[in-house]
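Coordinates in review
Here is how the chains run, residue by residue.
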Amino acid sequence: MSVQPEMPPRTAMQQPAAMQVHPELRPAFEALPQFSDPYEDIEGTREGFHAMLAAVPADRTGVDSERFGISRADGSVLTVEVYRPEGGAGSGGGEGGDGAPGQGVRTAADGAGRALPAVLHFHGGGFALGRSLPGQDRAAIALCRELPAVVITVEYRLAPEHRYPAGVEDCYLALEWAAERAGELGIDPARIALAGKSAGGGLSAAVALMARDRGGPAIVHQSLCVPDLDDRVGAEEAADAEGADGEGADGEGADAEGALRARVTTGRSVQRSWKHYLPEGTAAAEAYAAAARATDLTGLPPAYVLVCDLDPMRDAGLAYARRLMDAGVPVTVRNVPGAWHGFELYAPETRVAKEMTAHWTGQLRAALYPVADGTPYPVVG
């Protein structure tokens, strides 16, 4: 008989003190703005995010991209963007309808060049924002260059306008589409991986479950970076705050703990995300919404799980990694000491951030270019 996995017990690390911030990250931490509720004006939050991205366009050197529309069952269209190294398999020389440089239509008619591995990249943003501007997904561009690989970004439907299962079904549809068109896209169908941070990591884990259960495309690796896997994270914290008639809300508290909680993702903010993602009235998420709810993790692809010390989602990520191991799934785990959720966005030039990025990227590269089977390991740079 299968038993619903329990949420790991709350620990002191889920209520961290500011003094635990990594010394190299303290200047970035001190400069953090006060944390605010993005859902108070979700459209305004999205507009602000896109304005920030537009202020510094991404460096697309060495990378081409093309946008595709995928028909959903209801006739609506899911947009994906396919990033490829310039001149790689599946790339051509056409121009897009908007005339944007480097964003031409790639026919891939002759499939010239060696097929590359593929990464389905699902963006983060609490299931509600985080979508990049067309041709500007920095994570996809970096992976495309550095692995190298064909990287497919998915503009899945966002909450709260589109609640579960809309977003994850879009991600699975994109996986099926990529696998079916591997030849014309210049993809090696035996080397397809899933990757994402935060909500994107949660979606990656869920899509891996769906592919297993539905007999879908083979997945060689799932890269789960600071993944949002469990709708129970922060539930006790949110309940405690409600019981105190609103006292202890994010941003309050004069002690070291309060100073940290005013600036970074907390259990309460994680609960806000789930409240807007899950259908109204949901008491317990389904496994395809929150992979930590799955009772059977056997037969899943090898995984990489990255967590951060000061992230309220840390313990759930570690618990999921352990359950994968217990189910016989090969897992690599990395913890970033003294770091908060999304710290690399504010301290990208620190050694801590660079080492973290190099580690998860290196693990993904190793999965896509395994040495044991004789596949030549790419020389990057």
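The residue count restarts for each chain, going from 1 along the sequence in the order it is written. Only residues with pLDDT of at least 70 are given local features in this predicted model, and only at 80 or more are side-chain atom pairs given and counted; all residues enter the totals for whole chains, interfaces and linings. Water and hydrogen atoms play no part in the side-chain values, which are based on all heavy atoms of the structure.

1. Here we look at the overall build of the protein
Scanning the protein for helices and strands turns up 11 helices and eight strands. Here a residue-residue contact requires only that any non-hydrogen atoms of the pair lie within 4.5 Å. In the protein, once contacts between residues fewer than 6 apart in sequence are set aside, the share between residues at least 24 apart is 77%. Computed with a 1.4 Å probe, the accessible areas rest on the Shrake-Rupley method; for each residue, only the protein chains presented here act as cover. Accessible surface for the protein amounts to roughly 16,300 Å². Of this, 53% is attributable to carbon and sulfur atoms. Strands here mean DSSP runs of E at least two residues long; helices mean DSSP runs of H or I at least four residues long; both are numbered from the N terminus.

2. A short note on helix α10 (residues 314-326)
Relative to the 18 Å expected for 13 residues at 1.5 Å per residue, α10 spans 18 Å between its end C-alpha atoms, a close match to the ideal helical length. Burial status follows relative accessibility: with a 1.4 Å probe on protein chains alone, a residue under 20% of its type maximum counts as buried, one over 50% as exposed, and anything between as partly exposed. For α10, the set of buried residues is Arg314, Asp315, Ala316, Gly317, Tyr320, Ala321 and Leu324. Of the surrounding elements, those touching the buried residues of α10 are α6 (199-214), β6 (221-225), β7 (303-308) and β8 (331-336). One less than the number of residues in a helix, times 1.5 Å, gives the span that helix is expected to have.

3. Focus on the side chain of Arg84
Here Arg84 is to be found in strand β2 (residues 77-85). Accessibility expressed as a relative area gives 1% for Arg84, which makes it buried. Here a polar contact is recorded for every N or O atom pair within 3.5 Å, except that within protein the pair must consist of a potential hydrogen donor and a potential acceptor, and residues adjacent in sequence are included only if both atoms are side-chain atoms. Only 3.4 Å separates the side chain of Arg84 from the backbone oxygen of Leu185, close enough to count as a polar contact.

4. Considerations on helix α3 (residues 138-146)
Every buried residue of α3 is accounted for by Ala140, Ile141, Leu143 and Cys144. Seen end-on, α3 carries its buried residues on one side only, within an arc spanning 165°. On its buried face, α3 is in contact with β1 (63-71), β2, β3 (116-122), β4 (150-154) and α11 (351-368). A distance of 3.2 Å separates the backbone nitrogen of Ala139 from a side-chain oxygen at the start of α3, and that oxygen is part of Asp137. This arc is taken over the directions from the axis of the helix to the C-beta atoms.

5. Overview of the confidence of the model for the protein
Per residue, pLDDT captures the predictor's confidence, and it can take any value from 0 to 100. Averaged over the protein, the pLDDT score is 87; the fraction of residues at 70 or greater is 80%. Taken as a whole, residues 11-18 scores under 50 in pLDDT and shows 24 contacts with residues more than four places along the chain or in a different chain. Low confidence marks residues 92-112, where pLDDT is under 50. Its contacts with residues over four positions away, or in another chain, come to 33 contacts.

6. Re the packing of helix α4 (residues 166-180) against α6
The convention used is that axes are lines fitted to C-alpha atoms, helices contributing only their stretch in contact, and that angles between N-to-C directions extend from 0 to 180 degrees. At a closest axis distance of 10 Å, the pairing of α4 and α6 adopts a crossing angle of 60°. With respect to α6, the axis of α4 lies oblique. For the pair α4 and α6, the crossing hand works out as right-handed. Between α4 and α6, the contacting residues are Gly167, Val168, Glu169, Cys171, Tyr172 and Leu175 on the first element and Leu203, Ala206, Val207, Met210, Ala211 and Arg214 on the second. When its residues are assigned to classes, the contact of α4 with α6 shows nine nonpolar, one polar and two charged. Roughly parallel covers angles under 35 degrees, roughly antiparallel covers those over 145, roughly perpendicular covers 65 to 115, and oblique covers all other angles. By convention the crossing between two helices is left-handed if the near helix lies anticlockwise of the far one by an angle smaller than a right angle, and right-handed if it lies clockwise. Under the convention adopted here, Pro, Cys and the residues Ala, Val, Leu, Ile, Met, Phe, Trp and Tyr are nonpolar, Asp, Glu, Lys and Arg are charged, and Gly plus all remaining residues are polar.

7. Some thoughts on a nonpolar patch on the surface
Taken together, the side chains of Leu318, Met325 and Val333 define a hydrophobic patch exposed on the protein surface, amounting to about 210 Å² of accessible area. Residue class for Leu318 comes out partly exposed when judged on its relative accessible area of 32%. Patch membership requires more than 30% relative accessible area and the absence of a salt bridge. Residues of like charge join within 9 Å; the nonpolar side chains Val, Leu, Ile, Met, Phe, Trp and Tyr join within 5 Å. Any carboxyl oxygen of Asp or Glu within 4 Å of a side-chain nitrogen of Lys or Arg constitutes a salt bridge here.

8. Notes on the packing of aromatic side chains
For Phe, Tyr and Trp, where Trp contributes only its six-membered ring, two rings pair if their centres lie within 6.5 Å, and the inter-plane angle classes them as stacked under 30 degrees, edge-to-face over 60, or tilted in between. In total, this model carries seven aromatic pairs according to the counting rule given. Their ring planes at 65° and their centres at 6.1 Å tell us that Tyr164 and Tyr277 sit as a pair that is edge-to-face. Taken as a pair, Tyr164 in the loop between β4 and α4 and Tyr277 in helix α9 (residues 267-277) lie far apart in primary sequence, 113 residues in all. By the burial criterion, Tyr164 is buried, and Tyr277 matches it. In textbook terms, an aromatic cluster arises when at least three aromatic residues are bridged by ring pairs, as seen for Phe127, Tyr164, Trp274 and Tyr277. Remark: a charge is flagged as sitting over a ring if the NZ atom of Lys or the CZ atom of Arg is within 6 Å of the ring centre and within 35 degrees of the ring normal. Over the ring of Phe29 we find Arg263, and its NZ or CZ is 5.1 Å from the ring centre.

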